[in-house]
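Geometric and topological summary
Residues per chain are reported as follows:
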Amino acid sequence: MLPQEVEELIREMSEERIRGASYLAQMGVKAYARLAEILEGEEFLNGLKDLGVEILNVNPTMASLYNLVRFIPIIDNPEFVAAKANEFIRLSEEAKREIGNIGSELIDQNEIIITHSYSSTVLEILKKAKEKGKAFKVIISESGPDYEGLFFAKKLEEFEIPFEVITDAQLGLFAKNATLALVGADNITKDGYVFNKAGTYLLALACNDNGIPFYVAAETFKIHPEARAEDIKIIERKFKRDHIIIRNYLFDATPWKYIRGIITELGILVPPKEI
């Protein structure tokens, strides 16, 4: 059994609806670091094994959680485990900064960028582009039913980046007005499929139909080293409105043929041959 403080972090991860794979991986790191502070010996080893299972169960679609669990060794050395957890955070922060630098070079003056859901990695690209003096506007879908797009809009307000919010049903309509599409990712499979907030696939189709370049921004720890698209389990979270049950899969899969490139800290990859 895991300590209560660690169980609380797992519960917070399970209840998070907005901030995505990078944030959940950081929460997972905190859980490992806290475990290393509390337990030792055989209890610590068993706790590491149990925590790995719990983190994977938070959201089996997210490659970041899978790679975090693989990154942390099962070893009776709490200080070393804590150091590895801190290393994961450092590497992910460095990756995000580098993606910001690389991705911002894709943004030209007066670009109209369309995106779906919230991605801290896409936000980093937009922040860096603004720092470089580039003028552009962002079109954001509201991204129901959890409305991650509205959270993204508030972040853009903080950095004085101009935007407009549209309903999800208008993604196809507004894609015609865009010059570039940028989205994040929760999982990139070895055969080049991108799993992201449901609706991403529809945006990719609209961009393909209108000749709009569609890019994905993701740290390499979101690339699954083993799984193919058919291996990924997509969570469904049904909800009710006016006593009517509404089907709600959290993610969809965008085939590589609709993706111009995947912006990583290692450069822009062309799926699936470079994954």
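Residues numbered from 1 in each chain as written. Predicted model: local features only at pLDDT ≥ 70, side-chain atom pairs only at ≥ 80, totals over all residues. Heavy atoms only, no water.

Concerning helix 6 (residues 120-131)
Between its first and last C-alpha, helix 6 extends 16 Å over twelve residues, near the 16 Å set by a 1.5 Å rise per residue. Within helix 6, the full set of buried residues consists of Ser120, Thr121, Val122, Leu123, Glu124, Ile125, Leu126 and Ala129. Capping the start of helix 6, Ser119 holds a side-chain oxygen 3.2 Å from the backbone nitrogen of Thr121, two or three residues further along. Looking at the residues trailing helix 6, positive phi occurs at Gly133, about 85 degrees. (Helix = DSSP H or I, 4+ residues; strand = E, 2+ residues; numbered from the N terminus. Expected span 1.5 Å × (residues − 1). Buried < 20%, exposed > 50% of the residue type's maximum accessible area, 1.4 Å probe, protein only. Polar contact = N/O pair within 3.5 Å; in protein donor to acceptor, adjacent residues only side chain to side chain.)

A closer look at the pattern of salt bridges
Applying the stated rule across the entire model yields 16 salt bridges. As a salt-bridge pair, Arg237 and Asp146 come within 3.9 Å of each other at their nearest N and O atoms. In this pair, Arg237 sits in the loop between strand 7 (214-217) and strand 8 (239-241) while Asp146 sits in the loop between strand 2 (136-141) and helix 7 (148-158), placing the two residues 91 residues apart along the sequence. According to the relative accessible area criterion, Asp146 is partly exposed, its value standing at 24%. The partner of Arg228 in a salt bridge is Glu230, and the shortest N-O contact between them spans 3.9 Å. Relative accessible area serves as the criterion here: at 38%, Arg228 is assigned to the partly exposed category. Salt bridges linked by common partners bring Glu5, Arg34 and Glu37 together as one network. (Salt bridge = Lys/Arg side-chain N within 4 Å of Asp/Glu carboxyl O.)

Some details on the sheet that holds strand 2
Pairing within the open sheet is mixed, and its seven strands lie in the order 3-2-1-4-7-11-12. Taken across any chain shown, the strands that pair with only one partner, and hence form the sheet edges, are strand 3 (163-166) and strand 12 (267-269). On average, each strand axis in the sheet is inclined to that of its neighbour by 25 degrees, with strand direction left out of account. (Pairing = 2+ DSSP bridges. Axes fitted to C-alpha atoms, helices over the stretch in contact; angles between N-to-C directions.)

Remarks on the domain arrangement of the protein
According to the domain assignment, the protein contains domain 1 (4-94) and domain 2 (96-269). Once you take the C-alpha centre of each, domain 1 and domain 2 turn out to be 26 Å apart. With 21 residues of domain 1 at the interface, the matching set in domain 2 holds 27 residues. Buried area between domain 1 and domain 2, summed over both chains or domains, comes out near 2,000 Å², and the portion from carbon and sulfur atoms is 56%. Three residues, Arg17, Ile18 and Thr61, lead the burial of domain 1 against domain 2; their summed loss comes to 29% of the area buried on that side. (Domains from an automatic or database assignment. Contact = heavy atoms within 4.5 Å. Buried area = accessible area lost by both parts, 1.4 Å probe.)

Focus on the packing of helix 1 (residues 4-15) against helix 3 (residues 41-58)
Between helix 1 and helix 3, the shortest axis-to-axis distance is 9 Å and the interhelical angle comes to 15 degrees. Looking at the two axes, helix 1 sits roughly parallel to helix 3. For the crossing formed where helix 1 meets helix 3, the hand is right-handed. Contacts between helix 1 and helix 3 pair Val6, Ile10, Met13 and Ser14 from the former with Leu51, Glu54, Ile55 and Val58 from the latter. A class-by-class count of the residues in the contact of helix 1 with helix 3 yields six nonpolar, one polar and one charged. (Parallel < 35°, antiparallel > 145°, perpendicular 65-115°, else oblique. Left-handed = near helix turned anticlockwise from the far one by under 90°. Nonpolar A, V, L, I, M, F, W, Y, C, P; charged D, E, K, R; others polar.)

A word on the packing of aromatic side chains
Tallied over the full model, the rule gives five aromatic pairs. Ring centres of Phe71 and Phe88 lie 5.5 Å apart, and the angle between their planes is 65 degrees; on these two criteria the pair is classed as edge-to-face. Placement of the pair is Phe71 in helix 4 (residues 63-71) and Phe88 in helix 5 (residues 78-104), with a sequence separation of 17 residues. According to the relative accessible area criterion, Phe71 is partly exposed, its value standing at 24%. Classification of Phe88 as buried rests on a relative accessible area of 7%. (Phe/Tyr/Trp six-rings, centres within 6.5 Å; stacked < 30°, edge-to-face > 60°.)

Things to note about the pairing of strand 4 (residues 180-183)
Burial of the side chains of strand 4 extends over both faces: Leu180 and Leu182 are buried on one face and Ala181 and Val183 on the other. When strand 1 (residues 111-115) meets strand 4, the two strands line up parallel, connected through two bridges. From the neighbouring strand, Ile114 faces strand 4, where its bridge partner is Ala181.

Comments concerning the nonpolar core
Among the nonpolar cores identified, the biggest contains 33 residues, and Met13, Tyr32, Leu35, Leu51 and Ile55 are the most heavily contacted of them. Elements supplying a minimum of two residues to this core: helix 1, helix 2 (20-38), helix 3, helix 4 and helix 5. In terms of residues, this core owes the most to one element, helix 2, which gives nine residues. Residues from two domains meet in this core; each of domain 1 (4-94) and domain 2 (96-269) gives at least three. Setting aside anything within four residues of it in sequence, one finds Ile55 in contact with Ile10, Met13, Gly28, Tyr32, Leu65, Leu68 and Val69. Grouped together as the second largest cluster of nonpolar side chains are 25 residues, Ala185, Ile188, Tyr258 and Ile262 included. (Core = buried A, V, L, I, M, F, W, Y, C linked by side-chain atoms within 4.5 Å.)

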